[in-house]
Amino acid sequence: MRDAYILGIETSCDETAAAVVRSGEQVVSNVVASQIATHWPYGGVVPELASREHLRAIVPVVRRALEEAGQTYQSVDALAVTQGPGLAGALLVGVSYAKALAFALDKPLIAVNHLEGHIHAVLLEEKQKGNHEVRFPVLALVVSGGHTHLYLADEQERGWTYENVGQTRDDAAGEAFDKVAKLLALGYPGGPVIDKLARHGNREAVNFPPAHIKGRPRPGRGRRRVGADTPGMTFDFSYSGIKTAVLRYIETHNMHPAIEQRRRALAEMQSPKADGVLKLCDRQTLDLVASFQRAMVGDLVGKTLNAAGELDVATLFITGGVAANSELRAAFEREAAMAGLPAYFPSRPLSTDNAAMIAAAAYPKFLARDFAGLELSAEASLPLK
Ligand code: KG4
Ligand code: ZN
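Conventions we followed
- Residues numbered from 1 in each chain as written.
- Chains lettered and ligands numbered in written order.
- Predicted model: local features only at pLDDT ≥ 70, side-chain atom pairs only at ≥ 80, totals over all residues.
- Heavy atoms only, no water.
- Buried < 20%, exposed > 50% of the residue type's maximum accessible area, 1.4 Å probe, protein only.
- Helix = DSSP H or I, 4+ residues; strand = E, 2+ residues; numbered from the N terminus.
- Contact = heavy atoms within 4.5 Å.
- Near = heavy atom within 4 Å.
- Polar contact = N/O pair within 3.5 Å; in protein donor to acceptor, adjacent residues only side chain to side chain.
- Areas by Shrake-Rupley, 256 points an atom, 1.4 Å probe, with all protein chains shown as cover.
- Expected span 1.5 Å × (residues − 1).
- Salt bridge = Lys/Arg side-chain N within 4 Å of Asp/Glu carboxyl O.
- Domains from an automatic or database assignment.
- Buried area = accessible area lost by both parts, 1.4 Å probe.
- Core = buried A, V, L, I, M, F, W, Y, C linked by side-chain atoms within 4.5 Å.
- Axes fitted to C-alpha atoms, helices over the stretch in contact; angles between N-to-C directions.
- Parallel < 35°, antiparallel > 145°, perpendicular 65-115°, else oblique.
- Donors = N, O, S within 2.8 Å, 3.2 Å for Na, K, Ca; no water.

Now for helix α6 (residues 190-198). Restricting attention to buried positions, one finds in α6 the residues Gly 190, Val 193, Ile 194, Asp 195, Leu 197 and Ala 198. Turning to α6, the residues buried within the fold contact α5 (173-183), α9 (274-279), α10 (283-311) and α11 (326-338).

Following this line, the structure appears as structure tokens:
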């Protein structure tokens, strides 16, 4: 069979992205226009601004992705677009543009779930490295600004199937990183800056007790798969408690004056880098940040490996923006090796939002001729099934 070139488009949050991927296994181009500078002064994504920036960027970003791939609008075999989940107005820009393009060019259109995209980022890069031996079932931890979800993923003849076996009960892990960074005036997004600052602090300085999840999972069920014999067995997360614990620590240790001073200093800098933020941090802040990250990593790794053991999976995927975290990667590599499980991550550029993952996830649907009609609509809460 000849190669298929799929143009992927992703606008679910604060990155306008387009990419061309060959046959689900080779990134030919990957363009990401980040809106960090736009949202930076607000300490988080402002939905209206995100939609406006997507409108501004979508045409040049798609054009550049085609040019860099040596492709044209006419030469690609299909278009793929993120249908959801994400910000409604942001998704709408990508979906409307992709529909118009598919209609004008008379090309097939493929709707992709953003979370499925994050999972396929891992598979895409493994195939690109020549690893075609991924063993199933896969337990995929999708950990980003909007999600902390565990999926049991399997490859079937007509594409992939996903079973949600756990998720956060409140804040997503990336959201906790972003909120803690905002509380401490470290800038936005919080994950990358906390990742860098944590290397300079004492991880043992502050003890954050692990979150207790009431009800489920059910203990002592042995190593077995989710199925009829284990109804309702899930492996959930919770991160609003640790954010509150950080706030309490700030208050009881009278850190507000130093935080306000840093907030003012940062406001005068244009998109400061982590090194610039580091110079504005005292020992107490660095220790707090390092201890926070250690607690987050410990919880994510511990719960995921527990689920992997209970569900008897063959492989672990860790993906989404937070999968870029260096301590998380090192801990997963160490702990998964001890459990005898292969653990795969995307490279850092494909951990955070991008369109190569969307084009890659579309490939099995392209083969199955699972195409979207022009009635396709953006769905902010689209579940992954
Ligand atoms: O996947 P992504 O780009 O967008 C969503 O789908 O949410 O993830 C963005 C999230 C943000 O919360 C950001 O703070 C977090 O990923 N993040 C990190 C790191 N890089 C990005 N969190 C921890 N450590 C990092 N190095
Ligand atoms: Zn994402």
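Now that the structure is up, let's keep going.
The next point concerns the site of ligand 1. In the vicinity of ligand 1, 18 residues are found, and the nearest of them are Gly 145, Asp 178, Gly 191, Asp 195 and Asp 353. Between an oxygen atom of ligand 1 and a main-chain N or O atom of Gly 146, the distance comes to 3.4 Å. Protein chains shield 90% of the accessible area of ligand 1, which is 550 Å² for the free molecule. For the shell around ligand 1, the secondary structure elements donating two or more residues are α4 (114-128), α5 and α6.

A few words on unusual backbone geometry. A cis amide bond links Gly 84 with the next residue in sequence, Pro 85, at an omega value of -5°. In this chain, Tyr 188 is followed by Pro 189 through a cis amide linkage whose omega measures -10°. For Pro 189, the location among the structural elements is in the loop between α5 and α6. Unlike most non-glycine residues, Ala 185 shows phi in positive territory, near 55°. With respect to the secondary-structure elements, Ala 185 resides in the loop between α5 and α6. Ala 185 gets classed as buried once you look at its relative accessible area, which sits at 5%. Unusually for a residue other than glycine, Asp 312 sits at a positive phi of about 55°. Turning to its location among the elements, Asp 312 is positioned in the loop between α10 and β9 (315-319).

It helps to recall that an α-helix has 3.6 residues per turn; residues three or four apart then point in one direction. With 13 residues, α11 should cover 18 Å at 1.5 Å per step; its first-to-last C-alpha distance of 19 Å lies within 8% of that length. Within α11, burial applies to Glu 327, Leu 328, Arg 329, Ala 331, Phe 332 and Ala 336. Next to the buried residues of α11 lie β6 (138-143), α6, α10, β9, β10 (343-344) and α12 (348-351). N-capping of α11 is provided by Asn 325, with a side-chain oxygen placed 3.1 Å from the backbone N of Glu 327. Following α11 by one or two positions, Gly 340 adopts a phi angle in the positive range, close to 70°.

Enumeration over the complete set of coordinates arrives at 18 salt bridges. Two residues, Arg 203 and Glu 327, come together in a salt bridge whose shortest N-O distance is 3.1 Å. Remark: Glu 327 occurs in helix α11 and Arg 203 occurs in the loop between α6 and α7 (240-252); sequence separation between them is 124 residues. One connected set of salt bridges, linked through shared partners, spans Asp 171, Glu 175, Lys 179 and Lys 243.

To continue, consider the domain arrangement of the protein. The accessible area lost on association of the parts is a frequent measure of interface size. What the domain assignment reports for the protein is domain 1 (5-130 + 351-367) and domain 2 (138-341). When each unit is reduced to the centre of its C-alpha atoms, the spacing between domain 1 and domain 2 is 26 Å. Interface area for domain 1 against domain 2, summed over the two sides, is near 1,900 Å², with a carbon-plus-sulfur share of 72%. Summed over the three residues of domain 1 that lose the most area to domain 2, namely Trp 40, Leu 115 and Ile 119, the buried surface amounts to 37% of that side. Scanning the region where domain 1 abuts domain 2 turns up zero salt bridges. Our count for the contact surface shared by domain 1 and domain 2 stands at eight residue pairs in polar contact (both at pLDDT 80 or more). Contributions of two or more residues to the side of domain 1 that touches domain 2 are made by α1 (36-39) and α4.

Attention now moves to the nonpolar core. Grouped together as the largest cluster of nonpolar side chains are 59 residues, with contacts concentrated most on Leu 139, Leu 184, Leu 186, Leu 288, Phe 292 and Leu 316. At 13 residues, the largest contribution of residues to this core is made by α10. Setting aside chain neighbours within four positions, we find Phe 292 in contact with Ala 176, Phe 177, Val 180, Ile 194, Phe 208, Ile 242 and Val 246.

Moving on: the packing of α4 against helix α13 (residues 356-367). At a minimum axis separation of 7 Å, α4 and α13 run at an interaxial angle of 90°. In terms of axis orientation, α4 runs roughly perpendicular to α13. From α4, His 114, Glu 116, Gly 117, His 118, His 120, Ala 121 and Leu 124 reach across to α13, where they touch Ala 356, Met 357, Ile 358, Ala 360, Ala 361, Pro 364 and Lys 365.

The subject of this paragraph is the coordination of the zinc ion (ligand 2). Coordination of the zinc ion (ligand 2) by the protein is provided by His 114 (NE2), His 118 (NE2) and Asp 353 (OD), with metal-donor distances spanning 2.1 Å. Ordering the donors of the zinc ion (ligand 2) by residue number gives the pattern H-x3-H-x234-D. Of this pair, His 114 and His 118 both sit in helix α4, four residues apart, which is roughly one turn of that helix. His 114 sits in the buried class, given a relative accessible area of 5%.

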